[in-house]
Amino acid sequence: MPVVRVSWFEGKDHAQKQKVAADITESIARNTATDPNYIYVIFEDVKPADWAGAGKLFGEPSLTP
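Computed from a predicted structure; not experimentally measured.

Criteria and cut-off values
- Residues numbered from 1 in each chain as written.
- Predicted model: local features only at pLDDT ≥ 70, side-chain atom pairs only at ≥ 80, totals over all residues.
- Heavy atoms only, no water.
- Helix = DSSP H or I, 4+ residues; strand = E, 2+ residues; numbered from the N terminus.
- Rg over C-alpha atoms; globule rule 2.2 N^0.38 Å.
- Buried < 20%, exposed > 50% of the residue type's maximum accessible area, 1.4 Å probe, protein only.
- Contact = heavy atoms within 4.5 Å.
- Areas by Shrake-Rupley, 256 points an atom, 1.4 Å probe, with all protein chains shown as cover.
- UniProt positions renumbered as here; feature names shortened; annotations may be inferred.
- Pairing = 2+ DSSP bridges.
- Right-handed = clockwise from strand over helix to strand, strands pointing away.
- Phe/Tyr/Trp six-rings, centres within 6.5 Å; stacked < 30°, edge-to-face > 60°.
- Lys NZ or Arg CZ within 6 Å of the ring centre and 35° of its normal.
- Salt bridge = Lys/Arg side-chain N within 4 Å of Asp/Glu carboxyl O.

With respect to the overall build of the protein chain
In step 1: If you tally the helices and strands in the protein chain, you get 1 helix and 4 strands.
In step 2: N-terminal to C-terminal, the α/β element order of the protein chain is β-α-β-β-β.
In step 3: In terms of overall dimensions, the protein chain is more spread out than a globule: its C-alpha atoms have a radius of gyration of 16 Å, far above the 11 Å expected for 65 residues.
In step 4: Along the three orthogonal principal directions, the C-alpha set of the protein chain runs to about 50 × 25 × 15 Å.
In step 5: Expressed as a percentage of the 65 residues in the protein chain, the buried residues total 15%.
In step 6: In the protein chain, once contacts between residues fewer than 6 apart in sequence are set aside, the share between residues at least 24 apart is 60%.
In step 7: Accessible area of the protein chain: about 5,100 Å², with a carbon and sulfur share of 57%.

What about the UniProt feature "domain: 4-oxalocrotonate tautomerase-like" (unreviewed entry) in the protein chain?
In step 1: Annotation from UniProt places "domain: 4-oxalocrotonate tautomerase-like" (unreviewed entry) at residues 2-59.
In step 2: Across residues 2-59, helical content stands at 33% and strand content at 31%; the span's end C-alpha atoms are separated by 32 Å.

Topic: the pairing of strand E2 (residues 40-46)
In step 1: Examined bridge by bridge, strand E1 (residues 3-9) and E2 share 7 bridges and lie parallel to one another. Paired with Val-6 across the bridge in E2 is Phe-43.
In step 2: Taken together, E1, helix H1 (residues 14-32) and E2 form a β-α-β motif whose crossover is right-handed.

Details of the packing of aromatic side chains
The geometry of an aromatic ring pair comes down to the distance between the two centres and the angle between the two planes.
In step 1: The final tally for this structure, using the stated rule, is 3 aromatic pairs.
In step 2: Between Trp-8 and Phe-43, the ring centres sit 5.3 Å apart and the planes meet at 15°, which makes this aromatic pair stacked. Of this pair, Trp-8 sits in strand E1 while Phe-43 is found in strand E2, placing the two residues 35 residues apart along the sequence.
In step 3: Judged by its relative accessible area of 15%, Trp-8 is buried.
In step 4: Considering the side-chain rings of Phe-9 and Phe-58, the 5.5 Å spacing of their centres and the 65° angle between planes classify their relative orientation as edge-to-face. Of this pair, Phe-9 sits in strand E1 while Phe-58 sits in the segment after strand E4 (56-57), and the two are 49 residues apart along the sequence.
In step 5: On the basis of relative accessible area, Phe-9 is assigned to the partly exposed category, the value being 29%.
In step 6: By the ring-pair criterion, three or more aromatic residues cluster together here, those being Phe-9, Trp-51 and Phe-58.
In step 7: Cation over ring: Lys-12 sits above Trp-8, and NZ or CZ is 4.7 Å from the ring centre.

Things to note about the pattern of salt bridges
In step 1: Tallied over the entire structure, the rule returns 4 salt bridges.
In step 2: We note a salt bridge from Lys-19 to Asp-23, for which the minimum N-O separation is 3.0 Å. Within this pair, Lys-19 and its partner Asp-23 are both found in helix H1, separated by 4 residues, close to a single helical turn.

Structure follows, in structure tokens:
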């Protein structure tokens, strides 16, 4: 039962997530002979201000407390 977690910046719509989920599922099924019914994709939408790279936060700081 493969579980794939996709962490990315928030803002992708339903159609984009559906396409990515279908592509990931198809690739795993094709390459591992796993039944697609047992492949799961979990999307984790992250605010840019909650993600850092090279020690620096992406996005602008929130102006609300």
